[in-house]
Amino acid sequence: MAAMKNCHNDYKMKFSVDEEFPDLSQHNNHMAKALTKEIYAKLRSKSTPSGFTVDDVIQTGVDNPGHPFIMTVGCVAGDEESYEVFKELLDPIISDRHGGYKPTDKHKTDLNFENLKGGDDLDPNYVLSSRVRTGRSIKGFTLPPHNSRGERRGIEKLSIEALSSLDGEFKGKYYPLNGMSDAEQEQLIADHFLFDKPVSPLLTCAGMARDWPDGRGIWHNDNKTFLVWVNEEDHLRVISMQKGGNMKEVFRRFCVGLQKIEEIFKKHNHGFMWNEHLGYILTCPSNLGTGLRGGVHVKLAKLSTHPKFEEILTRLRLQKRGTGGVDTASVGGVFDISNADRLGSSEVEQVQLVVDGVKLMVEMEKKLEKGESIDGMIPAQK
Amino acid sequence: MSGSFRRLISSRSTAVLLASLGAGTMATGVLLNENSSLAAEAKKKLYPPSSDYPDLRKHNNCMASALTPAVYAKLRDKVTPNNWTLDQCIQTGVDNPGHPFIKTVGCVAGDEESYEVFAELFDPVIKDRHNGYDPRTMKHPTDLDASKITHGIFDENYVLSSRVRTGRSIRGLSLPPACSRAERREVERVAVTALAGLKGDLAGHYYSLGDMTEKEQQQLIDDHFLFDKPVSPLLTCAFMARDWPDARGIWHNNDKTFLIWINEEDHTRVISMEKGGNMKRVFERFCSGLKQVEHLIQERGWEFMWNERLGYILTCPSNLGTGLRAGVHVRLPKLSKDPRFSKILNNLRLQKRGTGGVDTAATGDTFDISNLDRLGKSEVELVQLVVNGVNYLIECEKKLEKGQDIQVPPPLAQFKK
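Keep in mind that what you see is a predicted model, and the values were worked out from it rather than measured.

Cut-off values and rules
Residues numbered from 1 in each chain as written. Chains lettered and ligands numbered in written order. Predicted model: local features only at pLDDT ≥ 70, side-chain atom pairs only at ≥ 80, totals over all residues. Heavy atoms only, no water. Helix = DSSP H or I, 4+ residues; strand = E, 2+ residues; numbered from the N terminus. Contact = heavy atoms within 4.5 Å. Areas by Shrake-Rupley, 256 points an atom, 1.4 Å probe, with all protein chains shown as cover. Rg over C-alpha atoms; globule rule 2.2 N^0.38 Å. Buried < 20%, exposed > 50% of the residue type's maximum accessible area, 1.4 Å probe, protein only. Lys, Arg positive; Asp, Glu negative; His and termini not counted. Charge placed at Lys NZ, Arg CZ, Asp CG, Glu CD. Pairing = 2+ DSSP bridges. Salt bridge = Lys/Arg side-chain N within 4 Å of Asp/Glu carboxyl O. Polar contact = N/O pair within 3.5 Å; in protein donor to acceptor, adjacent residues only side chain to side chain. Axes fitted to C-alpha atoms, helices over the stretch in contact; angles between N-to-C directions. UniProt positions renumbered as here; feature names shortened; annotations may be inferred. 1 Å grid on protein atoms, 1.4 Å probe; cavity = no way out; pocket = protein on both sides within 12 Å on 5 of 7 lines; lining within 4 Å. Points joined across faces, edges and corners; volume = space filled by probe spheres on them. Nonpolar A, V, L, I, M, F, W, Y, C, P; charged D, E, K, R; others polar. Parallel < 35°, antiparallel > 145°, perpendicular 65-115°, else oblique. Left-handed = near helix turned anticlockwise from the far one by under 90°. Phe/Tyr/Trp six-rings, centres within 6.5 Å; stacked < 30°, edge-to-face > 60°. Lys NZ or Arg CZ within 6 Å of the ring centre and 35° of its normal.

S.K.: What is the right way to look at the overall build of chain B in this model?
M.R.: Regarding its fold elements, chain B presents 16 helices and 10 strands. Here the analysis covers contacts within chain B between residues at least 6 apart in sequence; of these, 73% occur between residues at least 24 apart. Here chain B has roughly 18,000 Å² of accessible surface; of this, 55% comes from carbon and sulfur atoms.

S.K.: Quick question: what am I supposed to make of the overall build of chain A here?
M.R.: A tally of helices and strands in chain A yields 13 helices and 10 strands. In summary, chain A has a C-alpha radius of gyration of 21 Å against a globular reference of 21 Å for 382 residues, a match within 12%. With respect to the principal axes defined by its C-alpha atoms, chain A has extents near 70 × 45 × 40 Å. Buried positions account for 58% of the 382 residues belonging to chain A. In chain A, the share of contacts with a sequence separation of at least 24, taken over all contacts with a separation of at least 6, comes to 74%. Roughly 15,200 Å² of accessible area belongs to chain A as shown, and the carbon and sulfur atoms make up 51% of that amount. Side-chain charges of chain A comprise 50 positive and 55 negative groups, with the mean position of each set lying 2 Å from the other.

S.K.: Quick question: what am I supposed to make of the pairing of strand E3 (residues 217-221) of chain A here?
M.R.: The side chains of a regular strand alternate between the sheet's two faces. Residue and element names in this part refer to chain A. The buried fraction of E3 amounts to 5 of the 5 residues, a majority that puts the element mostly inside the structure. Alternating positions in E3 separate into two faces, Gly 217, Trp 219 and Asn 221 on one and Ile 218 and His 220 on the other, with burial throughout. Strand direction decides the pairing type here: strand E2 (residues 172-176) and E3, joined by 5 bridges, are antiparallel. Directly across from Tyr 175, in E3, lies its bridge partner Ile 218. Two elements, E3 and strand E4 (residues 226-230), share 4 bridges in a ladder whose sense is antiparallel. The residue of E4 that forms the bridge with Ile 218 is Trp 229. Between the end of E3 and the start of E4, which pair antiparallel, lie 4 residues, with Lys 224 showing a positive phi angle near 60°.

S.K.: For this particular structure, what's the right way to read the side chain of Arg248(B)?
M.R.: Residues and elements named next belong to chain B. Residue position: Arg 248 is located in the loop between helix H13 (233-236) and strand E3 (249-253). The side chain of Arg 248 is buried and forms no salt bridge, while Asp 243, the nearest opposite charge, is found at 5.4 Å. From its side chain, Arg 248 meets the backbone oxygen of Arg 242 in a polar contact 2.9 Å long. At 3.2 Å, the side chain of Arg 248 and the backbone oxygen of Asp 246 are in polar contact.

S.K.: How should I be thinking about the sheet that holds strand E9 (residues 350-353) of chain B in this particular structure?
M.R.: The pairing of strands in a sheet happens through backbone hydrogen bonds and is either parallel or antiparallel. Residue and element names in this part refer to chain B. On the basis of which strands lie adjacent, the open sheet formed by 8 strands has the order E2-E3-E4-E5-E1-E8-E10-E9 and antiparallel pairing. With partners counted over all chains shown, the strands left at the sheet margins are strand E2 (204-208) and E9, one partner each. Averaged over all adjacent pairs, the angle separating strand axes in this sheet is 20°, with direction ignored. Set on the sheet, helix H11 (residues 181-195) makes contact with E2, E3, strand E4 (258-262) and strand E5 (268-275); between it and E4 the angle comes to about 165°. Sheet strands in contact with helix H14 (residues 279-299) are strand E1 (159-168), E4, E5 and strand E8 (325-331), and its direction is about 20° off that of E1.

S.K.: What should I look at first to understand the environment of Leu158(A) in this one?
M.R.: All names here are of chain A. Along the chain, Leu 158 turns up in helix H8 (residues 149-164). The spacing of Leu 158 and Ile 138 is 20 residues in sequence and 9.5 Å in space, taken between C-alpha atoms. Those residues in contact with Leu 158 that lie beyond four places of it in its chain are Ile 138, Phe 141, Phe 265, His 268 and His 270.

S.K.: In this structure, what is going on with the UniProt feature "domain: Phosphagen kinase N-terminal" (unreviewed entry) in chain A? I would like to understand it.
M.R.: The positions that UniProt labels "domain: Phosphagen kinase N-terminal" (unreviewed entry) are, in the present scheme, residues 12-99 of chain A. End C-alpha atoms of residues 12-99 of chain A are separated by 35 Å, and the span's content is 48% helix alongside 0% strand.

S.K.: Looking at this structure, how should I read empty space enclosed by the protein?
M.R.: Gaps left between atoms show up when a probe the size of a water molecule is rolled over them. All names here are of chain B. Throughout the structure, instances matching the rule amount to 5 cavities of 30 Å³ or more. Around the second largest cavity, the lining residues are Arg 168, Ile 170, Val 190, Ala 191, Leu 195, Ile 260, Thr 268, Val 270, Leu 290, Val 293, Ile 297 and Phe 304. Here the residues of the lining of the second largest cavity are counted per class, giving 10 nonpolar, 1 polar and 1 charged.

S.K.: Please explain helix H5 (residues 54-63) of chain A as it appears in this structure.
M.R.: One turn of an α-helix holds 3.6 residues; hence residues three or four places apart share an orientation. Extensive coverage of H5(A) is indicated by the burial of 9 of its 10 residues. Buried within H5(A) are the following residues: Val54(A), Asp55(A), Val57(A), Ile58(A), Gln59(A), Thr60(A), Gly61(A), Val62(A) and Asp63(A).

S.K.: So what exactly am I meant to see when it comes to the packing of H8(A) against helix H11 (residues 247-267) of chain A here?
M.R.: What describes two packed helices is the angle between their axes and the distance between those same axes. Residues and elements named next belong to chain A. Their axes nearest at 9 Å, the elements H8 and H11 cross at an angle of 125°. In this view, H8 runs oblique relative to H11, as classed from their interaxial angle. Crossing hand, H8 versus H11: right-handed. Side by side, H8 and H11 meet where Leu 158, Ser 159, Ala 162 and Leu 163 of the first sit next to Ile 261, Ile 264 and Phe 265 of the second.

S.K.: Help me understand unusual backbone geometry, please; the structure alone is not making it clear to me.
M.R.: A negative phi angle is the norm for most residues apart from glycine, just as the trans form is the norm for most peptide bonds. The omega angle of the peptide bond from Trp212(A) to Pro213(A) is 0°, so this bond is cis rather than trans. Backbone geometry places His151(B), a non-glycine residue, at a positive phi of 55°. As for its position among the elements, His151(B) is in the loop between helix H10 (119-129) and E1. Under the relative-accessibility criterion, His151(B) is labelled exposed at 62%. Within the chain, Phe239(B) stands out as a residue other than glycine whose phi angle is a positive 65°.

S.K.: Hey, could you run me through the packing of aromatic side chains in this one?
M.R.: How two aromatic rings sit relative to each other is set out by the distance from centre to centre and by the angle between their planes. Inspection of every chain in the model, using the stated rule, returns 16 aromatic pairs over all chains. Here the aromatic rings of Phe195(A) and Trp229(A) are separated by 5.0 Å at their centres, their planes lie at 45°, and the arrangement is tilted. Placement of Phe195(A) in the loop between helix H9 (182-190) and helix H10 (201-204) and of Trp229(A) in strand E4 is noted, with a sequence separation of 34 residues between them. Comparing Phe195(A) with Trp229(A) shows no difference in burial state: the two are buried. An aromatic cluster is defined as three or more aromatic residues linked by ring pairs; in this entry it consists of Phe170(A), Trp219(A) and Phe226(A). In this arrangement the basic side chain of Arg168(B) is found over the ring face of Phe304(B), its NZ or CZ atom lying 5.8 Å from the centre. In this arrangement the basic side chain of Arg168(B) is found over the ring face of Tyr312(B), its NZ or CZ atom lying 3.4 Å from the centre.

S.K.: Would you mind going over the pairing of strand E5 (residues 236-243) of chain A with me for this structure?
M.R.: Residues and elements named next belong to chain A. Within E5, 7 of the 8 residues are buried, which leaves the element mostly enclosed by the surrounding structure. For strand E1 (residues 127-136) and E5, the ladder comprises 8 bridges, and the chain directions are antiparallel. Note that in E5 the partner of Ser 130 across the bridge is Gln 242. Strand direction decides the pairing type here: E4 and E5, joined by 5 bridges, are antiparallel. Residue pairing in the sheet places Val 228 in a bridge with Val 238 of E5. Linkage of E4 to E5, two consecutive antiparallel strands, is achieved through a turn of 5 residues, within which Asn 231 is found at a positive phi near 65°.

S.K.: Got a minute to help me understand the sheet that holds strand E9 (residues 318-321) of chain A in this structure?
M.R.: All names here are of chain A. Strand order in this open sheet of 8 strands is E2-E3-E4-E5-E1-E8-E10-E9, and the pairing throughout is antiparallel. The two strands at the open ends of the sheet, each matched to only one other strand, are E2 and E9. The sheet shows a mean angle of 20° between the axes of neighbouring strands, direction not considered. Direction of pairing for E9 relative to strand E10 (residues 334-339): antiparallel, over a ladder of 4 bridges. Across the sheet, Leu 318 pairs through a bridge with Asn 339, a residue of E10.

Written out as structure tokens, the structure reads:
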């Protein structure tokens, strides 16, 4: 592990701001929009206690200019303190990405599944599956862009201890990426559980694929409805899922499971990273707040071709993806529909939007199938 | 300290706060302490080298063969004067386990001092890669006197083109895995300024990768001069593609026979080439060009990284010494099908590659034939070795054409001890 203070950074201070400032003329990402020479000049001499610097924060955004149509974030945190030490850069990015969220705003956390209304009656003829995921970072360890092998293994060890103590509906097994049998691997692929070494340069340029597959693994319960990824893009990614439209049940299991896991980590004095301004602290600023993506795979063959489809999604505060996840196309009129927001609203509020919005869109789909108009159903902006 | 403490207090979880002040988790509190030397000591106790030692059980590269837990423990907490660490040197070898048949190097230098500070790793890696060359006891000869080359003009019925390449690093600036944007831009400035001073048949023009026009780009592609952002994980995992294409570029002379790559895998890659078989002239231009560039950078107070243990210092240990690869594209339709072909090449200390370069397959009967060795023999020795070897291969081809038999030559000596 490198020296705690980043002395290469001190060495770079020999060069002027102009000499070190990245060329962002071809770039379209949040970091490129926010990073002025003034901000860079102010932040370049700093480092977090673990040695993460502003150049480390922005490397992925420098290496990936982005796309004219898709605005990526272009920066990552290396540890909990990154969001403090590099506030001047990250606050405007957070505001831009999260609908104007201010540095003084407070984020509400609500993992009480009983506060969700409905959600158990989405039509299974249209809603093929339901899923809620989030991420959690473990206090006292640096994040995937920065952590050493020793830290990553420490995270894995703690996670295995926590997860193997779960019982009842949560009883399950851990499969380390390094050392799983061929049979286990094939089963995990068939179940759509297996994650692989990141190939996206957005992640690899941020240093997240180092030492692969050391310290990485997958845990899931025997029922295959609750799944945890260890040391992929975040310390933990927690996923609750099942076939059909009972989002209420998925969310209940999600909340209960998370709570149980958190208790065990706290007992070991390594609770989750959280604060009342940013909610749950994760590697990518886009996942701050709840880090929650609640969604369904839903058949919307007719609605998806309606000229107002995008407008409806925007008003419902939802986003569409292909059934392969982020950056994939839809297959056979089936879309992945999920909440667009992460920060500034609670878990219950975000899942509520999904439940209510999907219910409405399925009704619209049915109307369109009958040849009827949906103009009267178009919602107001939520 | 105060900032982190305030944060702990405002944390929702008082349990975490109390726990982090308790004896059992003193380390956690100390980790958040901004007193860095105290934190560093605590970190060392929490994470001894054994906890950080990479899992190399599936690995087949020179680094994995050389990096024992004892060596790792000794070197993990050392840093070069630019604060480059062992973990950074070996990252590419950890991330790329290698291939059972092809032994890659698996480590890179971040600066000139890496080879000293981490000598306990690099020396055995160098010995492994360079056929037993021992940097602790041996000296590397440098000889760029092209007039010494004999028989350096090949039969053009067989040899289609001739080429010599090497690399040079600018002393005082970090190497591509480690350099900051400012350092990389400085390398570009030093090199481009020097190259602008070349005259006569070496006069030329610089094309910055970020600024070139589409027309220029197409021309460079047609000339086979353009290099692109590295995709090989061997390079990307060694941090060499950062900030692409900032401060990268291609310089070539108007005759298109002398070419410099700037800030790709090394500070500079220098290439002399021509169609046809006049290797002697290619090497003459190579040496003359290199000497002139060296003179031009020295005028401004710069010099190349070099020492008598390791010769020219480059990013990858495989390119130490001369960093020189002299080769030809040669047609060997009959010889290449002879079962003794590989052995002949091996004994002549030559290697074959496809005409696309490293890790490509040959198309038709045309091969890229070049020297295997880089360190322990001088530039003149290596080019002469290629000249002699290629002439021998052509003789074999001619013999086989006439239905005569060929002989496998005896193996060449490694280096003068």
